[in-house]
Amino acid sequence: MFNSRNPAYRNPTGAVPAKSPVHFRINVSRDLKCSAARLVVQDDNWGQTENFGMFWCGMDGENHEWWECHFTPKAPGLYFYRFYIDTWRGTLELKKGFGGEGSTEAHNGPWQLTVYDPSFDTPHWMTGGIMYQIFPDRFYNSGTPKANVPQDRKLHEHWGEQPDWKPDERGIITNSDYFGGDLKGIEEKLPYLESLGVTCIYLNPIFEAHSNHRYNTADYSKIDPLLGTEADFQHLCAAAKKRGMHVIVDGVFNHTGSDSIYFNREKRYPVEGAYNSQQSPYSSWYNFHPWPNQYDCWWNFDTLPDVNECAPSYNDYINGTHGIIRKWLALGADGWRLDVADELPDEFLENLRDAAKAEKPDAVILGEVWEDASNKEAYGQRRKYFQGHQLDSVMNYPFRNAILGFLTGADAANMMEIIMNIVENYPPQVLRLLMNHIGTHDTERAITVLAGEPMGNHGRDWQSSTHLSRERRQKGLRLMRLAALMQYTLPGVPCIYYGDEAGLEGYRDPFNRGCYPWGHENEGLVEWYRRLARLRKSCPCLNEGIIYPLMAGDHCMAYIRDDGEQRLLVAINAGEQDHCIYLPPEWHDAEALIGKLPDERSALFLPPLDCVVLKWSYPAPKEKPAQPAPGPKDL
């Protein structure tokens, strides 16, 4: 009766700009004796509901008829819609079912229509690229001597040792052990990143902080001394640009460290922080009740006091003309990844975007959001990330869940539905920049999820001593190839978490933050990532081409990317049995980039834990024969 993903029923499909008409059509059986139909739309911004009568517009064969109407959203926001059909059986309510199809099941909800500002654009330099996430302390140590490093930091003697994970004598996990990875070390490894096809480096926090993860910022204006200097940062950005790479830095603006120049609970700094004096210039940044020992903090960690982002002095410090956002962009950064973006107020996000775009119009703003960011609710409020005035895109945790779920036995159709819901709900300019990761500093390593023993409720003791057996690791390496292929061919930008391409394993923090295994990489997996980079570069349809599913079931999944000039078919068998997929005859003329072409029966053969990638180009349009020059009689 209706399918929101099919332009025959809804045109255009997906998210749309405001003031752009959307054409709706439903297909109704003549047996229902439909006498009237209407589209009902609820504006999520204002809670208002509008009814739009649908018109009978013709027959579809002998047994079905079409009803249609137009709806033009007036402003950016979320709109939810459904249909009502008056029939001999009474009024039927048509809501969203599986695959975007219409359903009269009572438990289903409405369809979502995402509407964005018509002027909303996102940077084009990321499109079609490859990201690489680096946890700076654990990537590479250049050996360069450092100045002004605090004395309370423990430096490991050997690269690659297991990070400290046991509490200290006070029962506290301090995260104060370091391996000395630095900015010069990253710069030294730029040739390696270039060999992987990397076009964008995302750095976990690099600003002064007193933990190895540096999410407890001590001074936003300074590079952490163990990483190097401001000049090292500038040099890294310039060297990266020479190789066609951009650099994105991590902004932690929801909270600071208690051990910071702003709060100064530990009295490390010779200034009056908000904890030391109510006359501190930073006093308005924090919420005390009462001062000084009771204050709002992130997830009840008293070492991470929450910041009042809308305090004028804090907003000016971060987003002002001479603020932190503009400072680091001016020094060479090309964008910001925003930690816990769902905890940053709308006003602050809008000010941050304005500051970034004023300094560098093509700066990218990525947010950390773990759910569908188009309809995310946080603290009782619907977020407005994609309406055109906040984020350019987000970390794509839903795709991670779908990829790893599919490859570990979850129902293929359900995993495809996760993917297609994101495609339907996100604006296209957001979709093309999605940070498609399968692991980050906040999750278990991908190979461990794919082939390791499930972590369950096991604690750090178990995690520290549990590793992949030889058999599990071999299977994990095969599954990593499939996971990476999906990363590289789904809409968005693949993001490699440093070491994933080398086969690095580990459960949760700190075991997922081990040192890059230089000299001990799994070369076969590294070469697979290089092959995927070449595939991505040779297939423009992966930049902004549409995606549509071909099949999903029986531990197999196949989908097509299509930009009107080229098609790419990706087929994956995550099961333990052979599988065949039957294709239309035109795929006989395709080029097999991975695997083999279909046989004479149009059967595409997929061995267990394997994949096939086919590329097919549309025929070139025929040129019209040249017309002879007009002669005197013609004139």
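Quick caveat: nothing in here was measured; it's all calculated off a predicted structure. (Residues numbered from 1 in each chain as written. Predicted model: local features only at pLDDT ≥ 70, side-chain atom pairs only at ≥ 80, totals over all residues. Heavy atoms only, no water.)

Caption draft 1: Local environment of the packing of aromatic side chains. Evaluated as defined, the whole model comprises 53 aromatic pairs. Taken together, a centroid distance of 5.5 Å and an interplanar angle of 15° make the contact between Tyr81 and Trp111 stacked. Note that Tyr81 is positioned in strand E8 (residues 77-87) and Trp111 in strand E11 (residues 111-116), a separation of 30 residues in sequence. With a relative accessible area of 1%, Tyr81 lands in the buried category. For Trp111, a relative accessible area of 0% corresponds to the buried category. Consider the rings of Tyr192 and Tyr516, whose centres lie 5.8 Å apart with planes at 70°: the pair is edge-to-face. (Phe/Tyr/Trp six-rings, centres within 6.5 Å; stacked < 30°, edge-to-face > 60°. Helix = DSSP H or I, 4+ residues; strand = E, 2+ residues; numbered from the N terminus. Buried < 20%, exposed > 50% of the residue type's maximum accessible area, 1.4 Å probe, protein only.)

Caption draft 2: Up close: the nonpolar core. Judged by nonpolar contacts, the single largest core of 132 residues is most densely connected at Tyr132, Leu193, Phe233, Phe253, Trp336, Leu338 and Leu407. The element contributing the most residues to this core is helix H12 (residues 470-489), with nine residues. Contacts of Leu407, omitting those with residues within four sequence positions, involve Leu450, Leu479, Leu482, Ala483, Ile572 and Ala574. If you look at the next biggest cluster of nonpolar residues, it comprises 28 residues, including Phe2, Val22, Val28 and Met54. (Core = buried A, V, L, I, M, F, W, Y, C linked by side-chain atoms within 4.5 Å. Contact = heavy atoms within 4.5 Å.)

Caption draft 3: Spatial organisation of the side chain of Lys189. Residue position: Lys189 is located in the loop between helix H1 (183-188) and helix H2 (190-195). In this structure, Lys189 is buried with no salt-bridge partner, the nearest side chain bearing the opposite charge being Glu188 at 6.3 Å. (Lys, Arg positive; Asp, Glu negative; His and termini not counted. Salt bridge = Lys/Arg side-chain N within 4 Å of Asp/Glu carboxyl O.)

Caption draft 4: Highlighting the confidence of the model for the chain. Looking at the chain, pLDDT values average 95 and 98% of them are 70 or higher. Below a pLDDT of 50 lies the segment residues 629-635, which in the model reaches one contact outside its immediate sequence neighbourhood of four places, other chains included. (pLDDT = per-residue confidence, 0-100.)

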